[in-house]
Each structure stands twice: as C-alpha cells, then as structure tokens.
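Understanding the architecture of this molecule
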Amino acid sequence: MNAAPERHQLLLAGGGHSHVLVLRRWLMRPRLRPPHPRIPLVSRHGTALYSGLLPAVVAGLEPPEVAAIDLRRLCTLAGVTFVQAEITGLDPAAWELRLAGRPPLRFDRLSLDLGAVTAVVGEAMAVKPLEPFLAWAGRRQAGEPLRIRGGGAAAVELALAFRARGLACELLLQGECLRLGSAAANRAGERLLAQAAIPIQRRAPDDARADLACTGSRAPAWLATAGLPVDPESGRVLTESSLAVIGHPALFASGDCGRIAADPRPPSGVWAVRAAPVLAENLRRSLAEPARPLRPWRPQARALQLLGDGGWQAGGPRALAFYGPLALGPAAWIWHWKQRIDRAFMARFAALRPMAAAAMACRGCAAKLGAAPLASALARLDPGGPRRPAEDAPVVGTAADGDLLLQSVDGFPALVADPWLNGRLTSLHACSDLWASGAAVESVQALVTVPEAAAGIQEELLLQTLAGVRSVLEPLGAALVGGHTLEGRDGAGLALALTVNGRVAPAAHWGKGPLRPGEALLLSRPLGSGVLFAAAMAGAAAPAWMEALLEGMQRSQAPLVPLLAAHGCRACTDITGFGLLGHLGEMLEASGAGVAVELEAAAIAAWPGALELLERGFASTLAPANAAALALLEGPVRLLGAGGSAGPAALAGLLIDPQTCGPLLAALPAAEAPAALAALRAAGFGAAAVIGRVVSRQGAAAASPAPGG
C-alpha cells in the first residue's frame, strides 16, 4: 500500500452482525467510540436482517419487521453517517471503496462486515443476500412445489419453514447425507424431515432443477479482485487474530466475509457476534495516536446451533439443539429457548434511545422560516410598494430567441447525513421551482457549507455533495457552473444552497395563478415527508416507511413538465415548506377573490406511515407556524368528505406538513384530468391523484367542518 493520506477517516463497509454490535457498543459507551467526527457506514439496505429469526418469518410465525434491525436509526443514534449504496469494489492502493452510481469513499481505516452470497445458484433463487430472498419467500403460495438444493442447516430449516406454510418441499442433496456438523445431528435432521413428509433426493445431479439454492456461502468476489488475501474456497478475507487483514494492517474483516487464517471457523452469526468487542477495541487502538498494539482473539472452538421446525405440526413449533457431536430434540422447550435467545438479541436494539432527551429542530425544507415573519419582513422592507404575487422562480430576463429566463434559489441545513444523498435531494427540491413554472433547468450554482474538520474530511464532504448535485443535473443536460464554499463555525454542520437557472417559451410558462373555475387540481405524489423525518429523529419511524419515502423523494419530477403541458396545464406550484394549504393559498392569492377550491379529502395521498404518526401526535417543528393556513378552510378552500381512515387531526396535520422534494400541484382543464392522470401514472408516478377542483366563490359547496376544529 502507499502511504496513508493525511485524513482521519474510519469507514465501515457493510451492516453485518459485527458492525451493528460495534455501533451499539459506541452508543452505550461513548468513550469507546473513536474520536472522529464523521464515520460513514455503507450498506445497500436501511435494515440489517437478523438471520436467527428468518426461518420463523418464512414460516409465518413472526412478521418480517421482527427480524429487521433499523440500521439507519442505529447509525443516527451512534453518531455514524449512514450511506445507502451498493459496494462494487475496493482499491487499497488508492484508499477508496467503490460504490455504484456515485464517487468512491476514501478512508484510512476500513472495516469489512459485508455478509456473504450463496455459493452456487444457477437459475434458482439464492438464499443470500437475505433481503431479496425474503421478498421472494413472501410471494410463495401454499400448495406450490419447492425444490431446495442444499443439505446444511439453512436448507433443512427453510424446508421445514416452507412446509409449515403449506408448500410441497423437496430437498436435493449433492451427496448422500445432510451436513449438520455431526452424525448425530444428521440423523436428527433426517428424522425431522421424514416426520414433516419432506422427501430427500440424494446425490442429485448438478443440472437438477431447483427453486431455491442453499448451497453454502461465499464472500463477495470483489474482495479477491481487490488483491486481498482470501480463502480459495470461500473467498473470505484472511486475517490475523486481531481481525486485521493479513498484509493490510489498516483493513479489518469480520463476520461472514472474514476468516482468521490461523484459527478458522465456519461462517456463523455466533462468531460474528463474539467478534464485535474485539473489532471495536482494535479499530480504536488502530486509530489512536500513536497507534496501540492490537488485541488478539481466539474464538471459541464450537458454537451451539438451534434449528427450528417451523411449527408445521398441530402441536406447535419444536427445535433441535446441536453442540459438537451432541444432538438433542426435537422439543418444544428447545424452540422456546431459541425464541428467548433470538428475542433477547433483537431487544438490544429495539430498546435503544437517543442519549439526549432534548427535541431537535427539523431540517430540510422544514427549517424554512414561517410564513408570518417572512411576510411581515417583506412588508416592512417595502412598505409603500405594490404587493407582488409569490413566485418562487421569477422571470429575470429574455433570451435572444424569445424564451423567458427564470431563476430560483433554495437550500437548507442537511436533511440527511450522507452528503451525496443530501446533495441529490437538495437539488431535486431546488429544481422543482422551475419545473412548477414549466421551465427546463439549464445551470446551477452551489453554496456549500462544510463543518470544521480536517482538510481531508472537508474535501470528501465537498466532493460527495457536488457529486450528488450533478447526479440530478446530468440527466437534465444541465451544468453545475460554479458557486462558493464556506466553513461552518460554532458547530454548524453541512448545508447546501443552490441558485437554479432555466428557460421556458412564453406560451408554456406557468405561474401560480390565476386559477379558473372548471379546472381540476392534480397532485403528483404523496404528502407527509415532514412528519416522517420528525419521527425518524425521535426513533419512531418504521424502516420501511423511510425506505419508501427516500426512494420516492429521489425520483426526479422533470418528466412531469411535458406531460402536464401536453394536457393543458395553466397554473402550477410545488408543495414545499408551507405545506399543501400554504402553497394552495398562494395560488388563490394569485387568482383574485372570485374563485374557491374544493378538495376531496380522501384523494390526498400520504406517504406510508405519515397519517399514523400524525395520529400519534408527531409533527414537524415548522407545522405550528403553518397551522395559520388552516384558516383557509373557513374561506376559499372547502374540504369535502372524510380523509379515508385518517381522523380530523391527522388530516389537518397532513395539509400543513412541510415537504422536502414535495409534489407538484397543477391546475388543468377538468376534461383533460383523466388522461393527464393516466399519463403520470404510466410514467411511474403511481400515487398521482386529482385532489380537487376550482369553482366560483359563489357556487362553492357548503364547507364541511375544518379538520381538528
């Protein structure tokens, strides 16, 4: 390796059992955490699945969320930056971890806990990685035939679990007998399979058709490609007893992707769990100045193995226990013992809470100044001047070809800790002002504020932020043309502001108004990002909710502009910090006193979990200021019908919830609304909906009671 760069950057690659326990250790004992301000953890998923509970989930004995550790939340609690990305390679000489679709991350200490992939798959579904397998397993139906290739504990336990779901399972063995670790264990496993009427095909040919492959595991192939020493059969990285990679003292490996060369153990969650304290201590020692000698570890020779039968028989679940040459069971008490162990492991994470009890102010567009002080300040700035309608992307000039030149500015403190993702989300949010005007984005300037830190860390934060910005601009054919950088002082963190420039033909330009009677109002995506992020800071947002939200927020709304234009869009705005009612009020203000809006409460979509959180009393810190817009429900806005399953208070909260990367709200002729809605849904905006109509003020329907009133 070359000399390490002058930066202090520990990078955790993967969300395996060792890493999640290291994070928990840092949270519970902060003095043991390396004294570095920013430690990223990279994982392709926002949850880490606990393999011990997977068979119970497959059997239908437990819901999937019981087996999921909220990795994003755990990182936040431990002061670690969660980076959701696919790892594609490693360049030890350049000190870089390569990621799909974004720049590599640099490090001077790297810890690998990546899990494993199924060794031999063919056309069958692989049991590893676990996340796609679990989704596939959930789609299997009772009565389906299921041929499972493999003879280890995973194959046997999953065959029994699927049998409990009513599938017709068959086990295909490569050899003559099972591979459960001992002759006694093999005999016990075969008895259990026979009792469950699961046939075994011995010495199955390699080309025998299989639906599921449980054929052992291998470490990701890119570890060997990177030039690291690996076991030739399993691809696992070979390490010293300290878990440092042989020949690479700045790299560590544990869990299913690592193997102590002088003291090998089979891949198992038991050893991954036992490795966590050693890994945490040696990472800290390696980063000390001067570096301290690493602690050696001799893992236990044997591990207890508990294998459940899925509860296929009427008497309820049972389990086998294996330890060395011994086998015990099957018995119900062993199953309950296994459940206690598994639940105790998961309880270590479910009970974690932030160390500080003080409420945190919301970030992203929820950090916006409230409407009242903004309006008052502008009125005092120009007390005698005319009141101008609120336009977020005003016309600043005319091009030589007659196109209108538009400009907008937007930005906020970092919404998420990952600088690349924050750069992407901030850019999508800022560009929406121009999309809501019917314009195409041409160029952007960026003002990036990075925290006080070592120069190497600041370089990395700036690079990742600007790369996130460019990930939005490049598909648009737009350019990042310049900007400015600042260092935040007095503890200020990462922040990004953007000036966005674009153009539009005069005939295609949309303002916020005027709205006209007879128009339909179309909302392009759900609401509720503000309350979800507020709840996430309190540890109350389910991982699946945040996954769905972040996936949706990252979808560019640029394709909506030509679709809405083709269906006669006449006015448009984007729903951001002031919420649906606040921005609808701006459209009404630009329309004169003769129009009103009727909203269909049941048509207003919410992101998964948003209404439930609002019902439970969660809200963004900007929501109280936005509540002034609820007065519109006593005037030009009529709310018709009930909000589906949402109560009045939750519906009111949704209407004023501040949005980051929020939807477009477009007014178009009512006759065009069905075709426009179909076009949006065909383009991937499946939650788009017509949520209301514009009417004359005199002809508006009688108002229903205001939500929460």
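Residues numbered from 1 in each chain as written. Predicted model: local features only at pLDDT ≥ 70, side-chain atom pairs only at ≥ 80, totals over all residues. Heavy atoms only, no water.

A word on the overall build of the chain
Scanning the chain for helices and strands turns up 20 helices and 34 strands. On C-alpha atoms alone, the chain measures out to a radius of gyration of 29 Å, which is about the 27 Å that the 2.2 N^0.38 rule sets for 709 residues. Principal-axis analysis of the C-alpha atoms places the extent of the chain at approximately 90 × 60 × 50 Å. When the 709 residues of the chain are sorted by exposure, 54% land in the buried category. Relative to all contacts within the chain whose residues are 6 or more apart in sequence, the contacts with residues 24 or more apart total 76%. (Helix = DSSP H or I, 4+ residues; strand = E, 2+ residues; numbered from the N terminus. Rg over C-alpha atoms; globule rule 2.2 N^0.38 Å. Buried < 20%, exposed > 50% of the residue type's maximum accessible area, 1.4 Å probe, protein only. Contact = heavy atoms within 4.5 Å.)

What to know about the environment of Ala 272
Tracing the chain through its elements places Ala 272 in helix 8 (residues 269-287). Given a relative accessible area of 5%, Ala 272 falls into the buried group. Along the sequence, Ala 272 and Gly 255 sit 17 residues apart, while their C-alpha atoms lie 4.4 Å from each other.

A look at the packing of helix 1 (residues 17-28) against helix 8
In the contact formed by helix 1 and helix 8, the axes pass within 8 Å of each other and the chain directions differ by 40 degrees. Looking at the two axes, helix 1 sits oblique to helix 8. Two packed elements cross with a definite hand, and for helix 1 against helix 8 that hand is right-handed. Across from His 17, Ser 18, His 19, Leu 21, Val 22, Arg 25 and Trp 26 in helix 1, the residues of helix 8 making contact are Gly 269, Ala 272, Val 273, Ala 275, Ala 276, Pro 277, Leu 279 and Ala 280. Residue composition of the contact of helix 1 with helix 8, grouped by class: 10 nonpolar, 4 polar and 1 charged. (Axes fitted to C-alpha atoms, helices over the stretch in contact; angles between N-to-C directions. Parallel < 35°, antiparallel > 145°, perpendicular 65-115°, else oblique. Left-handed = near helix turned anticlockwise from the far one by under 90°. Nonpolar A, V, L, I, M, F, W, Y, C, P; charged D, E, K, R; others polar.)

Considerations on the sheet that holds strand 13 (residues 168-172)
The strand order across the open sheet built from 5 strands is 11-15-12-13-14, with neighbouring strands paired in parallel fashion. Because the sheet does not close on itself, it has two edges, and the strands there are strand 11 (125-126) and strand 14 (200-201). In the packing of helix 5 (residues 153-164) onto the sheet, the strands contacted are strand 12 (145-149), strand 13 and strand 15 (212-213), and the crossing angle to strand 13 comes to about 165 degrees. (Pairing = 2+ DSSP bridges.)

Points about empty space enclosed by the protein
Summed over all chains, the structure comprises 4 cavities of 30 Å³ or more. Here the largest cavity defines a volume of roughly 160 Å³. What lines the largest cavity is a set of 19 residues, among which Arg 236, Gly 255, Gly 258, Trp 271 and Trp 297 lie closest to the centre. Every element with two or more residues in the lining of the largest cavity is listed here: strand 20 (258-260) and helix 8. For the lining of the largest cavity, the per-class residue count stands at 10 nonpolar, 5 polar and 4 charged. (1 Å grid on protein atoms, 1.4 Å probe; cavity = no way out; pocket = protein on both sides within 12 Å on 5 of 7 lines; lining within 4 Å. Points joined across faces, edges and corners; volume = space filled by probe spheres on them.)

Focus on the packing of helix 1 against helix 3 (residues 71-78)
Where helix 1 meets helix 3, the axes come as close as 9 Å, and the angle between the chain directions of the two elements is 35 degrees. The two elements helix 1 and helix 3 meet at a crossing, and its hand is left-handed. Where helix 1 approaches helix 3, its residues Val 20, Leu 23, Arg 24 and Leu 27 are matched on the opposing element by Leu 71, Leu 74, Cys 75, Leu 77 and Ala 78. For the contact of helix 1 with helix 3, the per-class residue count stands at 8 nonpolar, no polar and 1 charged.

A closer look at the environment of Trp 545
Here Trp 545 lies in helix 14 (residues 543-553). Separated by 412 residues in the primary sequence, Trp 545 and Phe 133 have C-alpha atoms spaced 20 Å apart.

Quick notes on the sheet that holds strand 31 (residues 595-600)
Picture the strands of a sheet paired through backbone hydrogen bonds; they go either parallel or antiparallel. The 6 strands lie next to each other as 30-33-29-34-31-32, forming an open sheet whose pairing is mixed. The open sheet is flanked by strand 30 (571-574) and strand 32 (637-640), the only strands paired with a single partner. Across the sheet, the mean angle from the axis of one strand to that of its neighbour is 25 degrees, orientation sign disregarded. Sheet topology note: the strand 30/strand 33 (residues 664-669) ladder contains 4 bridges and is antiparallel. Residue pairing for strand 33: Thr 573 is matched across the bridge by Leu 665.

Section: the confidence of the model for the chain
For the chain, the mean per-residue pLDDT works out to 89, and 94% of the residues sit at or above 70. Contacts for the low-pLDDT stretch residues 1-6, under 50 throughout, to residues beyond four places or in other chains number 12 contacts. Long-range and interchain partners of residues 701-709, a stretch whose pLDDT sits below 50, account for 18 contacts in this model, where long-range means more than four residues apart. (pLDDT = per-residue confidence, 0-100.)

Comments concerning helix 6 (residues 183-195)
Residues lying three or four places apart along an α-helix face the same way, a consequence of the helix completing one turn every 3.6 residues. Under the 1.5 Å per step criterion, the end-to-end length of helix 6 is 19 Å for 13 residues, consistent within 8% with the ideal 18 Å. Residues of helix 6 that are buried: Ala 184, Ala 185, Asn 186, Ala 188, Gly 189, Leu 192 and Leu 193. Close packing links the buried residues of helix 6 with helix 5, strand 13, strand 14, strand 21 (305-308), strand 22 (319-323) and strand 23 (326-331). Residue Ala 197 follows helix 6 closely and has a positive phi angle near 60 degrees. (Expected span 1.5 Å × (residues − 1).)

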